[in-house]
Amino acid sequence: MKNIAILGSTGSIGRSALSVISMFPDTFKVVGLTAGKNISLLMEQIKLFKPKVVAVGDRETYTKLKDAMDSLQSPDMLYGTEGLSNVASMPDADTVISAIVGSAGLIPTISAITAGKTVALANKETLVMAGNIVMSEISKYGVTLLPVDSEHSAVFQCIKGYNKSSVKRIILTASGGPFLGKKTKELENIMPEDALRHPNWSMGKKITIDSSTLMNKGLEVIEAHYLFDMPMDRIDVLIHPQSLIHSIVEFNDGSYIAQMSKPDMKGPIAFSLSCPERLQDVVEPIEWEKLSGLTFQKPDTETFPCLSLAYSAIETGGTMPAVLNASNEVAVHAFLNGLIGFNDIPVVIRKVMDSHVVQPADDIHIIIEADRWARDTIREDLHR
Ligand code: NAD
Ligand code: MG
């Protein structure tokens, strides 16, 4: 039996993880859950999975949860970054699924690592903000980090068993999002509900907007750079609208290995929990004879400049990727709230990046300070 704690259990990844766990009750047990503010769903999950400990994002939500729970059946309840970190490092957990969205996932994920947990990582923002620190903590504490992001799970599956020196390049696939083929002019009047209509994947709001701007792929290139210790010029992006090939590894001898499945996050989540074993019938089979074709094209970085911003953030290095991430989070939020247009997202991010004085990112406090600076700077700009 593997004991699992899920950070972000009420989100899209958290719910898919619980559905995988429900399929294999003799293999996995939930010991800890955390949520931001959605206490009604958290309470349902508590009733069903009976965790020992739960945590929520803030004190106000904690008070509401405490009032609403029947004390007899209550788990231990915590709140705030410390509470989330306590769940991440709880002694009972073997594996921690890191599935909080955004920079709020950073500190709890580091807590899981320093407590020696196996980490199934969905929260890519952790690696974007603090890739060097996180990867050195991983080796310092000798812990296993397993990717949940479908592209990185694919690369991990393709690369397994080969020497890194045999790999020529990594090709991350991208669906292209709902605006594939459109030009900047056609995107001027895009509304949040248009951008939230992803053609292939059902995900949380932030990552869905990130997919429509291609920032998600930019964040994933950075994630791959750290996870696979691969220079950025050997990580490419290829648009593949059918989302059946989840990524490709090219080897020195001209051979390629790709991983395929229907687009369903239960697949990579299950593999991150069972690796090296494979669980039974997690994702529906592909009906090969019904496939009309697999197509590929280059990304259009002129219309979707966020992808290039991510490459340039890593090239600059230091605190710049954290600034990219924080300004993107605020810009996406502002777009969802009607404060800026779709095409403004890369413009405001670039502006913050241009005014940032880069620092070496060798201390987590420096990274958190850069994150805060970027948020303040962009908010001031938006409210001017
Ligand atoms: P989501 O918005 O659906 O869920 C986010 C979860 O984090 C929720 O449980 C929410 O309550 C919690 N949360 C948010 N802010 C919090 C805070 N301040 N404190 C504590 N908890 C907080 O997001 P998602 O789509 O499940 O994505 C989660 C992470 O996984 C993201 O980093 C995303 O990039 C990554 N990811 C998601 C998918 C997907 O298919 N959804 C695929 C690959 C990677
Ligand atoms: Mg992905």
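Residues numbered from 1 in each chain as written. Chains lettered and ligands numbered in written order. Predicted model: local features only at pLDDT ≥ 70, side-chain atom pairs only at ≥ 80, totals over all residues. Heavy atoms only, no water.

A. Molecular detail of helix α10 (residues 215-227). For α10, built from 13 residues, the straight-helix expectation of 18 Å at 1.5 Å per residue is met to within 8% by its first-to-last C-alpha distance of 18 Å. Taking burial as the measure, the 13 residues of α10 include 13 buried ones, the bulk of the element. With its phi angle positive at about 50 degrees, Asp229 sits one or two positions after the end of α10. (Helix = DSSP H or I, 4+ residues; strand = E, 2+ residues; numbered from the N terminus. Expected span 1.5 Å × (residues − 1). Buried < 20%, exposed > 50% of the residue type's maximum accessible area, 1.4 Å probe, protein only.)

B. Main features of the site of ligand 1. Taken together, 23 residues surround ligand 1, and among them Thr10, Ser12, Gly36, Glu125 and Gly204 come closest. With respect to ligand 1, the backbone of Ser12 contributes an N or O atom lying 2.9 Å from an oxygen atom. Val101 places a polar main-chain atom, nitrogen or oxygen, 3.5 Å from an oxygen atom of ligand 1. Notes on ligand 1: free accessible area 820 Å², of which the protein chains cover 84%. Broken down by secondary-structure element, the contributors of at least two residues to the shell around ligand 1 are α1 (12-23) and α6 (124-140). In terms of residue class, the shell around ligand 1 is made up of eleven nonpolar, nine polar and three charged. (Near = heavy atom within 4 Å. Polar contact = N/O pair within 3.5 Å; in protein donor to acceptor, adjacent residues only side chain to side chain. Areas by Shrake-Rupley, 256 points an atom, 1.4 Å probe, with all protein chains shown as cover. Nonpolar A, V, L, I, M, F, W, Y, C, P; charged D, E, K, R; others polar.)

C. Structural context of a nonpolar patch on the surface. On the surface, Trp288, Leu291, Leu294 and Phe296 cluster together to form a nonpolar patch covering roughly 370 Å² of accessible area. Here Leu291 lies in the loop between α11 (266-274) and α12 (306-316). (Patch = residues over 30% accessible without salt bridge, like charges linked within 9 Å, V, L, I, M, F, W, Y side chains within 5 Å. Salt bridge = Lys/Arg side-chain N within 4 Å of Asp/Glu carboxyl O.)

D. Expanded view of the sheet that holds strand β8 (residues 167-174). Taken in spatial order, the four strands make up an open sheet running β9-β8-β10-β11, and their pairing is mixed. Every other strand in the sheet has two partners, leaving β9 (235-239) and β11 (256-260) as the edge strands with one partner each. With direction set aside, neighbouring strand axes in the sheet form an average angle of 20 degrees. By the bridge criterion, five bridges tie β8 to strand β10 (residues 245-251) in an arrangement that is antiparallel. In the strand pairing of β10, Ile171 is matched with Ile248. (Pairing = 2+ DSSP bridges. Axes fitted to C-alpha atoms, helices over the stretch in contact; angles between N-to-C directions.)

E. Geometry of the coordination of the magnesium ion (ligand 2). Looking at the metal site, the magnesium ion (ligand 2) is ligated by Asp149 (OD), Glu151 (OE) and Glu220 (OE), spaced 2.1 to 2.2 Å from it. The motif formed by the donor residues of the magnesium ion (ligand 2), counted along the single chain, is D-x1-E-x68-E. Taken together, the residues Glu151 in helix α7 (residues 150-159) and Glu220 in helix α10 connect sequence positions 69 residues apart. What makes Glu151 buried here is its relative accessible area of 8%. (Donors = N, O, S within 2.8 Å, 3.2 Å for Na, K, Ca; no water.)

F. Region of the structure containing the domain arrangement of the chain. What the domain assignment reports for the chain is domain 1 (2-123) and domain 2 (152-382). Once you take the C-alpha centre of each, domain 1 and domain 2 turn out to be 25 Å apart. On the domain 2 side, the residues contacting the 21 residues of domain 1 number 20 residues. For the pair domain 1 and domain 2, the summed buried area comes to about 1,500 Å², and 76% of that belongs to carbon and sulfur atoms. Interface area lost by domain 1 to domain 2 is led by Val20, Phe24 and Ser103, which between them contribute 26%. For the interface between domain 1 and domain 2, the tally reads zero salt bridges. (Domains from an automatic or database assignment. Contact = heavy atoms within 4.5 Å. Buried area = accessible area lost by both parts, 1.4 Å probe.)

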